[in-house]
Amino acid sequence: MPENDTRTPSRAPTPPHGPDTPPVTAPAAPGTTPVPLPTGPAATGPAATGPVPPDPGPPGTATPAPAPAPAPSPSPSPSPASTGAALPVPAPVAAPTGAALPAPAPSSAAAPPAPGYRAVFAVREFRVVFVAHLFSLLGVVVSELALTVLVYDLTRSPLLSSLTFALGFLPYLLGGTLLAGLTDRLPPRRILVVCDLVCAGCVALMVVPATPVAVLLVLRCAIAVVSPVFNGTRMATLADILGEGDLFVLGRSLLRIVSQSALLTGFAAGGVLLTLVPPRGALAVTATTFLVSALLLRLGTARRPARAGAGTGGLSGTWAVLRNRRVRALMLMFWVPPLFAVVPEALAAPYADEIGVSTAALGLLMCALPVGTIAGELFAGSFLSAAARARIVLPLAVTGVLPYLLYAPRPGVALAAVALFLAGATGAYTLGLDAWFVAAVPEEQRGRAMTLMTAGMMTVQGVGMAGAGIAAEFAPVHTVVAGTGVLGTLCLLAAAAELRATAPRPKGETGLTGI
């Protein structure tokens with residue numbers, strides 16, 4: 001822009017109004033030289049740079065010197081000089097306008113990630129989803145605890161009581177594979193509301209005193225079947241609400257943090273509630289929480305159309321998602337870590353008995369892993385950029401269960417809790433992995449892919465708990481946990497190699513695909 005301004009006064013002496021970009025109109029208005037000269041470049045800065053390169057013609061008109069002969073002609077030439085005093089005024093205006101045209105777009109695009117979690121809460125629709133998640137999660141946690149106590153009170157059977165809790169994991173696979181297609185073929189808000197209403201209806205039937213134990217278990221399975229559909233649809237809806245960039249990653253992180261916090265406070269709140277009301281009364285409270293969640297989602301979220309047509313359902317649609325090698329590798333990296341991470345939690349009570357500590361120490365062991373997970377996610381979401389979070393995905397994922405090797409010498413409660421905290425903190429890798437996943441999945445398959453991913457995560461946790469229990473029948477608990485650290489690391493190295501092999505090779509690292 002400064003070079004253009006210095007060139008336009010040079011041709012001003014010949015035609016009095018040369019700065020008017022089309023040379024044809026140059027002789028038209030001699031008296032207006034000082035005014036259009038600054039305003040032309042200032043108002044049409046980008047357009048003014050276009051006519052300036054073709055100026056090799058006008059220098060020929062600058063050679064005839066007769067034009068400076070008239071007295072008024074020198075006065076316009078100082079008038080650009082005087083406008084040179086005025087030119088700094090439009091020049092700063094033109095520079096910002098020239099820079100402001102490209103600048104606002106990047107600044108608005110770069111602004112949301114900068115404030116971190118506060119930027120996510122600035123989105124009104126996300127706040128509604130977040131509060132609905134709190135109510136729904138409270139309903140799930142308290143209903144699991146209350147139903148387990150209710151079944152035990154009715155049967156006095158530890159097997160049926162533990163089966164009630166296990167049924168929260170196993171049907172995820174069924175619901176995630178058979179019903180995943182609904183998440184893209186139906187409007188997302190309708191799916192979320194209907195799933196909450198189904199859960200509320202099932203819990204309401206549990207409250208009825210005449211409901212037999214077998215029906216209670218079937219109702220528990222029904223809640224577990226619709227859960228992956230609800231979770232997958234909510235994840236896909238987050239991408240609609242927050243976009244596919246950093247806000248989506250932070251929004252997902254917040255929901256995970258709430259879920260981990262529920263492990264610390266939900267069961268405690270449920271235990272307090274059960275001291276005040278009987279199990280069926282606690283179930284009635286959870287039915288209300290599901291209804292509140294449904295109401296919030298119905299009134300507080302926008303109506304959006306289905307992402308895909310009616311012809312994408314069934315197992316063929318599921319295979320269409322899994323046929324993508326990149327998506328398969330990402331899902332594997334979501335599934336393998338929790339398969340091994342749950343082992344110490346599943347064996348916390350037997351380990352506390354093995355080293356002879358109190359139930360208070362057992363509570364510390366149960367809390368250490370989720371506390372570490374919350375701390376890791378908060379640090380990564382608050383202090384790391386998207387590019388930095390992408391760089392730590394593989395290192396943290398691969399080393400996630402290495403702290404379990406500290407169990408090898410049969411440590412006390414303090415060292416075991418440190419190992420669990422460190423293992424939980426490595427869960428910060430999921431923020432970068434979320435970004436890769438939403439970037440790799442086509443929008444029309446997003447709901448199905450996220451449903452499959454969440455269903456797989458819950459299923460492998462159930463498998464990991466069962467496998468840990470079986471292994472602990474044949475080996476000491478500390479040996480099983482330490483062996484999990486070795487076996488899990490080897491499996492994670494293989495999963496990381498596959499993920500690296502499928503990584504796209506973009507022009508530059510973007511924070512979404514750079515590994």
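The text that follows walks through the structure, step by step, so that each part is easy to find. (Residues numbered from 1 in each chain as written. Predicted model: local features only at pLDDT ≥ 70, side-chain atom pairs only at ≥ 80, totals over all residues. Heavy atoms only, no water.)

The first and last C-alpha atoms of helix α18 (residues 325–341) sit 25 Å apart over 17 residues, in line with the 24 Å expected at 1.5 Å per residue. Taken as a whole, α18 has its buried residues at Arg 326, Val 327, Ala 329, Leu 330, Met 331, Met 333, Phe 334, Val 336, Pro 337, Pro 338 and Phe 340. N-cap assignment for α18: the residue whose side-chain oxygen lies 2.9 Å from the backbone N of Arg 326 is Asn 324. (Helix = DSSP H or I, 4+ residues; strand = E, 2+ residues; numbered from the N terminus. Expected span 1.5 Å × (residues − 1). Buried < 20%, exposed > 50% of the residue type's maximum accessible area, 1.4 Å probe, protein only. Polar contact = N/O pair within 3.5 Å; in protein donor to acceptor, adjacent residues only side chain to side chain.)

This brings us to the environment of Val 258. Looking at the secondary structure, you find Val 258 in helix α15 (residues 246–276). By relative accessible area, Val 258 is classed as buried at 12%. For the pair Val 258 and Leu 137, spaced 121 residues apart in sequence, the C-alpha to C-alpha distance is 8.6 Å. Once residues within four sequence positions are removed from consideration, Val 258 is found in contact with Phe 130, His 133, Leu 134 and Leu 137. (Contact = heavy atoms within 4.5 Å.)

Counted according to the given criterion, the structure contains six aromatic pairs. With centroids separated by 5.4 Å and ring planes inclined at 40°, the aromatic side chains of Phe 379 and Phe 383 adopt a geometry described as tilted. Of the two residues, Phe 379 and Phe 383 are both situated in helix α21 (residues 359–383); the distance of four residues between them amounts to about one turn of the helix. In this structure Phe 379 comes out as partly exposed when scored by relative accessible area, which is 48%. The exposure class assigned to Phe 383 is exposed, which follows from its relative accessible area of 63%. Aromatic ring contacts, followed pair by pair, group Phe 121, Phe 126 and Phe 130 into a single cluster. (Phe/Tyr/Trp six-rings, centres within 6.5 Å; stacked < 30°, edge-to-face > 60°.)

Looking now at the nonpolar core. One finds Phe 126, Met 331, Met 333, Tyr 407, Leu 433, Phe 437 and Leu 499 to be the most contacted residues of the largest nonpolar core, which totals 107 residues. Looking at this core element by element, the count peaks at 13 residues for helix α14 (residues 213–242). Once residues within four sequence positions are removed from consideration, Met 333 is found in contact with Leu 394, Ala 397, Tyr 429, Leu 433, Leu 492, Ala 495, Ala 496 and Leu 499. (Core = buried A, V, L, I, M, F, W, Y, C linked by side-chain atoms within 4.5 Å.)

With that out of the way, let us pick up α21. Since the α-helix advances by 3.6 residues per turn, residues separated by three or four positions end up pointing in the same direction. Helix length check: α21, at 25 residues, gives a terminal C-alpha distance of 36 Å against a target of 36 Å (1.5 Å per residue), a fit within 8%. If you look at α21, its biggest bend is around 30°, right at Cys 367, and the proline Pro 370 turns up within four residues after that. Ala 361, Leu 365, Ala 368, Leu 369, Pro 370, Gly 372, Thr 373, Ile 374, Gly 376, Glu 377, Ala 380 and Gly 381 are the residues of α21 that are buried. (Bend = angle between axes of the 7 residues up to and from the residue.)

Moving on, we get to the environment of Leu 402. Tracing the backbone through its elements, the reader meets Leu 402 in the loop between α23 (393–398) and α24 (413–425). For Leu 402, a relative accessible area of 35% corresponds to the partly exposed category. As a C-alpha pair, Leu 402 and Leu 422 span 20 residues in sequence and 9.1 Å in three-dimensional space.

This part is about the pattern of salt bridges. Taken as a whole, this structure holds 12 salt bridges when the rule is applied. Its salt-bridge partner being Asp 434, residue Arg 252 comes within 3.4 Å of it at the nearest N-O pair. A residue pair is termed long-range when its members are at least 10 positions apart, and Arg 252 in helix α15 and Asp 434 in helix α25 (residues 429–440) qualify at 182 residues. According to the relative accessible area criterion, Arg 252 is buried, its value standing at 9%. The residue Glu 498 makes a salt bridge to Arg 325 at a minimum N-O spacing of 2.7 Å. (Salt bridge = Lys/Arg side-chain N within 4 Å of Asp/Glu carboxyl O.)

Right, let's get into the packing of helix α13 (residues 188–207) against helix α16 (residues 279–300). Contact geometry for α13 and α16: axes closest at 8 Å, N-to-C directions at 165°. Comparing the axis directions of α13 and α16 gives the class roughly antiparallel. α16 is crossed by α13, and the crossing has left-handed handedness. Residues Arg 189, Leu 192, Val 193, Asp 196, Leu 197, Cys 199, Ala 200, Val 203, Ala 204, Met 206 and Val 207 of α13 touch α16, and the partners they reach there are Arg 280, Leu 283, Ala 284, Thr 286, Ala 287, Phe 290, Leu 291, Ser 293, Ala 294, Leu 297 and Arg 298. Considered class by class, the residues forming the contact of α13 with α16 number 16 nonpolar, two polar and four charged. (Axes fitted to C-alpha atoms, helices over the stretch in contact; angles between N-to-C directions. Parallel < 35°, antiparallel > 145°, perpendicular 65-115°, else oblique. Left-handed = near helix turned anticlockwise from the far one by under 90°. Nonpolar A, V, L, I, M, F, W, Y, C, P; charged D, E, K, R; others polar.)

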